[in-house]
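One letter stands for each residue in the lines below.
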Amino acid sequence: MLPYDNYYYNRFGSHLKNRYGEKVHKISVDGGFDCPNRVAGATETGCAWCENSSFNPNPRSKERTVHEQTELGVKILRKRLGVHLYIAYFQAYSNTNASCDELYKLYKEALSVEGIIGIAIGTRPDCIDEEKLSMIEELAKDKLIQIEYGLQTSNDGTLQSMNRGHTTGQYIEAMNMSKGRGIELCTHMITGLPGETAEDSRNTLQTAIKAGTDGIKIHNLHIVKGSRLGREYLKNPFKIPTEEEHVNLVCDLLEETPPEIIIHRLWGASASKEKHIAPDWCLDHNRVRYAIEQEFERRKTYQGYRG
């Protein structure tokens, strides 16, 4: 018998179902934010892997208000899947990159829609402060509130070479400010970044665990059109992890991950196939999921096995 609802790891979906008694689905909403790392007219702007439309599943969402987007998402998922509970996911760009008053207004718009049990806020560790956290803490008294911080790697050299625009120290500072407020904290990391090894990924994972993260999102590096890495790859393709390499690394990382850490994601791909360059294997979600399950079965291990 496996320890996580007869599964290999502590899945985000199972975590929510156990908490609310039924399935909960995320609805992506676009608050119209930008990223403080994107500077108009700069020679290089934004992270080297980023072309945000490739990560935004609703490219026309800005034509609607947050309330309208959330209502539409609820309507579609209710009809398609028959589910009744939802999280509004502020996903595109940095979703704390506005004044506290503006953020409060947009978060409340999403939370006011029937069936919305909470919000998830994707942002950067250098785009948060005490005032914003105090406001979010108030919302967390009545609703599920998640903040997803993009650390990506704890290697400061890689952060600099990828033009990430923040340091590992700033991530740790943001986590320290955020803990103890009733907010669920999730950390994003990217494996396979240029020049990095499996040891870099292990260090990133351990940095997030020691910082007090409640959840982890693992993304394999995937190359998209319009990004700096996309231009470099098309000009001179460089090594990116194979499916087998990624699956083995994911299993290694999860074996070291404490059982209470919630696993939000284990791989990623562009939301737009037209924007996607490589690798092709990550586009087949069922195949990657099955490969991870099969590798755990082969090893006879699970999340926390070596913790």
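Above this note sits the structure.
Every chain is numbered on its own, with residues counted from 1 as its sequence reads. Residues qualify for local features only when their pLDDT is at least 70, as the model is predicted, and side-chain atom pairs are given and counted only at 80 or more; totals for whole chains, interfaces and linings, by contrast, use all residues. Side-chain measures here rest on the full set of heavy atoms in the structure, leaving out hydrogens and waters.

Caption draft 1: Summary view of the packing of helix α6 (residues 168–178) against helix α7 (residues 198–211). In this description, a line fitted to the C-alpha atoms serves as the axis of each element, helices being fitted only across the stretch in contact, and the angle between N-to-C directions of two axes falls anywhere from 0 to 180 degrees. Helix numbers and strand numbers start at the N terminus; a helix is a DSSP run of H or I with at least 4 residues, a strand a run of E with at least 2. Relative to each other, α6 and α7 sit at 30°, their axes nearing to 10 Å. Taken together, α6 and α7 sit at an angle that is classed as roughly parallel. For the pair α6 and α7, the crossing hand works out as right-handed. Each of T168, Y171 and M175 in α6 lies in contact with α7, whose residues at this interface are T207, A208 and A211. Residues are grouped as follows: Ala, Val, Leu, Ile, Met, Phe, Trp, Tyr, Cys and Pro are nonpolar; Asp, Glu, Lys and Arg are charged; every other residue, Gly included, is polar. Its residues assigned to classes, the contact of α6 with α7 comprises four nonpolar, two polar and no charged. Geometric relationships in this document are graded by angle, where less than 35 degrees denotes roughly parallel, more than 145 denotes roughly antiparallel, 65 to 115 denotes roughly perpendicular, and other angles denote oblique. Crossings are sorted by hand: turned counterclockwise from the far helix by less than a right angle, the near helix makes the crossing left-handed, and turned clockwise it makes it right-handed. Only heavy atoms enter the contact rule, under which two residues are in contact if any of them lie within 4.5 Å.

Caption draft 2: Examining α6 more closely. Listed in full, the buried residues belonging to α6 are T168, Y171, A174, M175, M177 and S178. Looking one or two places after α6, you find G180, whose phi comes out positive at around 75°. Remark: exposure states derive from per-residue accessible area (1.4 Å probe, protein chains only) relative to the maximum for the residue type, with buried under 20%, exposed over 50%, and partly exposed in between.

Caption draft 3: Structural context of the pattern of salt bridges. One side-chain nitrogen of Lys or Arg within 4 Å of one carboxyl oxygen of Asp or Glu is enough to make a salt bridge. Taken as a whole, this structure holds 21 salt bridges when the rule is applied. The salt bridge partner of E148 is K217, with a shortest N-O separation of 3.1 Å. Taken together, the positions of E148 in strand β4 (residues 144–152) and K217 in strand β6 (residues 215–220) put the pair 69 residues apart, joining distant regions of the chain. The class for E148 is buried, based on a relative accessible area of 1%. In this structure, the salt-bridge partner of R299 is D252, at a minimum N-O distance of 2.8 Å. Here R299 is found in helix α10 (residues 285–299), whereas its partner D252 is found in helix α9 (residues 243–255), with 47 residues between them in sequence. Exposure remark for D252: the relative accessible area of 19% places this residue in the buried category.

Caption draft 4: Here's a closer look at the sheet that holds strand β8 (residues 262–265). When DSSP finds two or more bridges between two strands, those strands count as paired. Overall, parallel pairing links the seven strands, which are arranged β1-β2-β3-β4-β5-β6-β8 in an open sheet. Two strands lie at the open edges of the sheet, namely β1 (24–29) and β8, each paired on one side alone. Strand-to-strand twist in this sheet, taken as the mean axis angle between neighbours without regard to direction, amounts to 25°. Strand direction decides the pairing type here: β1 and strand β2 (residues 85–90), joined by six bridges, are parallel. When the bridges of β2 are listed, H25 appears paired with Y86.

Caption draft 5: Representation of a negative patch on the surface within the structure. Only residues whose relative accessible area exceeds 30% and that form no salt bridge enter a patch; like-charged residues are grouped when within 9 Å of one another, and nonpolar side chains (Val, Leu, Ile, Met, Phe, Trp, Tyr) when within 5 Å. Each accessible area value is a Shrake-Rupley result obtained with a 1.4 Å probe; residue values ignore everything except the protein chains displayed when judging cover. The positive count covers Lys and Arg only, the negative count covers Asp and Glu only, and His and the chain ends enter neither. Taken as the charge location is NZ of Lys, CZ of Arg, CG of Asp or CD of Glu. On the surface, D101, E102, D129 and E131 cluster together into a negatively charged patch. By the element assignment, D101 lies in helix α3 (residues 100–111). Overall, the relative accessible area of 65% leaves D101 in the exposed class.

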